Amino acid sequence: MKSSNIRLEVMQTVEKSLDELLTKYLKPIDENWQPSDLLPDSKEPGFFEEIEEIQALAKEMNYDLFAVLIGDTITEEALPTYESWLMDIEGIEEDNKNGWSKWVRAWTAEENRHGDLLNKYLYLSGRVNMREMEISTQYLLSDGFDIQTGRDPYRSFIYTSFQELATNISHRRVATLSQKTGNSRLGKICGVIAADEARHANAYINFVNRILEIDPSEILLAFEDMMKKKIVMPAHFLRESGEESGTLFGHFSDAAQRIKVYTTQDYIDILKSLLNDWNIANIVGINDSAEKARDYLMALPKRLQRISERIRIPQKQFEFKWIAVQK
Ligand SMILES: [Fe+2]
Ligand SMILES: [Fe+2]
């Protein structure tokens, strides 16, 4: 996948607005929430009581929901994979202190709070086999991912737009389900993370919008290509101890489908909302192959809808090594 120099020129053009975009879409560090704001303070006398409450509520959580929460945490903990991929995108260049590398660093700093907060919560929950979770995390980092964007900024920003929306949905649903069962702390934890993901999604959607103004044909072709390959989740290589790479991902995603935290319907809805955000239906002044790409993309939600109606989700619960046997 070779990018032409036009892509570099486009990246340099968008870079001029990055200082403004950074202020718009990321929060000043001193004012941003930190994991400790949402966790019991170990310096306080009420610490152990708060832990007892966390553990009692975690015990009552639906098994699939709890497994999805752990899988989401591991996905967040694989942040080094995402940062090094973003830094390597054509036009970003780590050692060149341009607006793009500044963006990637600041985005990473915000994202790093997600895995940190969830990991600490799970450690306190008393329901996780931490060693198994840590092994899965180390494997996922070591296995990396294969999201088929190459170093292309267009494909990469389409992927991140999609992915930030997907994580927004899944964290938000875990938040809602937790609130419903009276676990307001976990509801708040997943809620603040979901809000970050929504801000990040808006930023990447904005980047793509800017590229669409300058180079519409090429980014449409990139969008078509990404959808033809299908957007894979960043944890698609997930595994448990003693198993092969990727063997756990299906079980994790089946659990998410069963409790409707992230479903095939969400995949279709994200595609629809991106088509809408980028006003793909009304793009004109593009070349013949981009016109075909636009038509393919506009027809895709309906096609996926037909396919999704035939998909059956296994109802049998999978036993995750991550989850400690209840005493
Ligand atoms: Fe995140
Ligand atoms: Fe994110």
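Anyway, here's the lowdown on the structure attached to this text. Owing to the predicted nature of the structure, the values given are computational and were not obtained by experimental measurement.

Below, the discussion takes up the overall build of the chain. From N to C terminus, the chain includes 13 helices and zero strands. Here the C-alpha atoms of the chain give a radius of gyration of 20 Å, agreeing with the 20 Å that 2.2 N^0.38 yields for 327 residues. Across its three principal directions, the C-alpha atoms of the chain cover 65 × 50 × 35 Å. When each of the 327 residues of the chain is scored for burial, the buried share is 54%. By sequence separation, contacts in the chain at least 24 residues apart represent 84% of the contacts at least 6 residues apart. In the form shown here, the chain has an accessible surface area of approximately 15800 Å², with 50% of it arising from carbon and sulfur atoms. Of note, the chain has its 40 positive side-chain charges centred 6 Å away from the centre of its 52 negative side-chain charges.

Let us look at the nonpolar core. Formed by 105 residues in total, the largest nonpolar core has its most connected members in Leu69, Trp103 and Phe223. No other element matches helix α9 (residues 184-214), which puts twelve residues into this core. When sequence neighbours within four positions are dropped, the list of residues in contact with Trp103 reads Leu22, Tyr25, Leu26, Ala203, Tyr204 and Phe207.

To continue, consider the coordination of the iron ion (ligand 1). Surrounding the iron ion (ligand 1) are the protein donor atoms Glu76 (OE), Glu76 (OE), Glu111 (OE), His114 (ND1) and Glu197 (OE), which sit 2.1 to 2.4 Å from the metal. Ordering the donors of the iron ion (ligand 1) by residue number gives the pattern E-x34-E-x2-H-x82-E. A separation of 3.4 Å is found between the iron ion (ligand 1) and the iron ion (ligand 2), both of which receive a donor from Glu111. Here the residue Glu111 and the residue His114 both occupy positions in helix α6 (residues 99-125), the gap between them amounting to three residues, near one helical turn. Just as Glu111 is buried, His114 falls in that class too.

Here helix α7 (residues 130-143) spans 20 Å end to end across 14 residues, near enough to the 20 Å set by a 1.5 Å rise per residue. Buried within α7 are the following residues: Met130, Glu132, Met133, Ser136, Thr137 and Leu140. Summarising the axial view, the buried residues of α7 lie within an arc of 165°, below the 170-degree limit, and thus occupy one face. Pointing more than 90 degrees away from the buried face of α7 are the exposed residues Arg131, Gln138 and Ser142.

Within the element layout of this structure, Ser308 appears in helix α13 (residues 288-308). Within the structure, the side chain of Ser308 is placed 3.0 Å from the backbone oxygen of Gln305, a separation counted as a polar contact. Discounting residues that sit within four places of it in the chain, Ser308 has contacts with Thr264 and Ile268.

With that out of the way, let us pick up the coordination of the iron ion (ligand 2). Summarising the metal site, the iron ion (ligand 2) is bound by the protein donors Glu111 (OE), Glu164 (OE) and Glu197 (OE), whose distances to it range over 2.0 to 2.1 Å. Classification of Glu164 as buried rests on a relative accessible area of 4%. Of the residues examined, Glu197 reaches a relative accessible area of 1% and is grouped as buried.

One pass over the full model with this rule turns up 20 salt bridges. Lys229 is the partner of Asp225 in a salt bridge, and the nearest nitrogen-oxygen pair spans 2.8 Å. Residue Asp225 and its partner Lys229 are both found in helix α10 (residues 216-229); the two are separated by four residues, about one turn of the helix. Measuring nitrogen to oxygen at the nearest pair gives 3.9 Å for the salt bridge that ties Glu291 to Arg294. Residue Glu291 and its partner Arg294 are both found in helix α13; the two are separated by three residues, about one turn of the helix.

Before going further, it helps to examine the packing of helix α4 (residues 63-77) against helix α8 (residues 153-180). α8 packs onto α4 with a crossing angle of 145° between their chain directions and a minimal axis gap of 11 Å. Once α4 is placed against α8, the crossing between them reads as left-handed. Residue-level inspection shows Leu65, Leu69, Asp72 and Glu76 of α4 in contact with α8, the latter providing Ser170, His171, Val174 and Leu177. Broken down by class, the residue content of the contact of α4 with α8 amounts to four nonpolar, two polar and two charged.

A separate point is unusual backbone geometry. For Gln148, which is not glycine, the phi torsion reads 60° and is therefore positive. Mapped onto the elements, Gln148 comes out in the loop between α7 and α8. Overall, the relative accessible area of 37% leaves Gln148 in the partly exposed class. The phi dihedral of Lys260 falls on the positive side, at around 60°, and the residue is not glycine. Look at Lys260 and you get exposed, because its relative accessible area is 57%.

With that settled, the discussion passes to the environment of Thr263. The residue Thr263 is located in the loop between α11 (249-258) and α12 (264-277) in this model. Exposure remark for Thr263: the relative accessible area of 14% places this residue in the buried category. Along the chain, Thr263 and Ile313 lie 50 residues apart, while their C-alpha atoms are 10.0 Å from each other.

Criteria and cut-off values
- Residues numbered from 1 in each chain as written.
- Chains lettered and ligands numbered in written order.
- Predicted model: local features only at pLDDT ≥ 70, side-chain atom pairs only at ≥ 80, totals over all residues.
- Heavy atoms only, no water.
- Helix = DSSP H or I, 4+ residues; strand = E, 2+ residues; numbered from the N terminus.
- Rg over C-alpha atoms; globule rule 2.2 N^0.38 Å.
- Buried < 20%, exposed > 50% of the residue type's maximum accessible area, 1.4 Å probe, protein only.
- Contact = heavy atoms within 4.5 Å.
- Areas by Shrake-Rupley, 256 points an atom, 1.4 Å probe, with all protein chains shown as cover.
- Lys, Arg positive; Asp, Glu negative; His and termini not counted.
- Charge placed at Lys NZ, Arg CZ, Asp CG, Glu CD.
- Core = buried A, V, L, I, M, F, W, Y, C linked by side-chain atoms within 4.5 Å.
- Donors = N, O, S within 2.8 Å, 3.2 Å for Na, K, Ca; no water.
- Expected span 1.5 Å × (residues − 1).
- Arc of directions from axis to C-beta.
- Polar contact = N/O pair within 3.5 Å; in protein donor to acceptor, adjacent residues only side chain to side chain.
- Salt bridge = Lys/Arg side-chain N within 4 Å of Asp/Glu carboxyl O.
- Axes fitted to C-alpha atoms, helices over the stretch in contact; angles between N-to-C directions.
- Left-handed = near helix turned anticlockwise from the far one by under 90°.
- Nonpolar A, V, L, I, M, F, W, Y, C, P; charged D, E, K, R; others polar.

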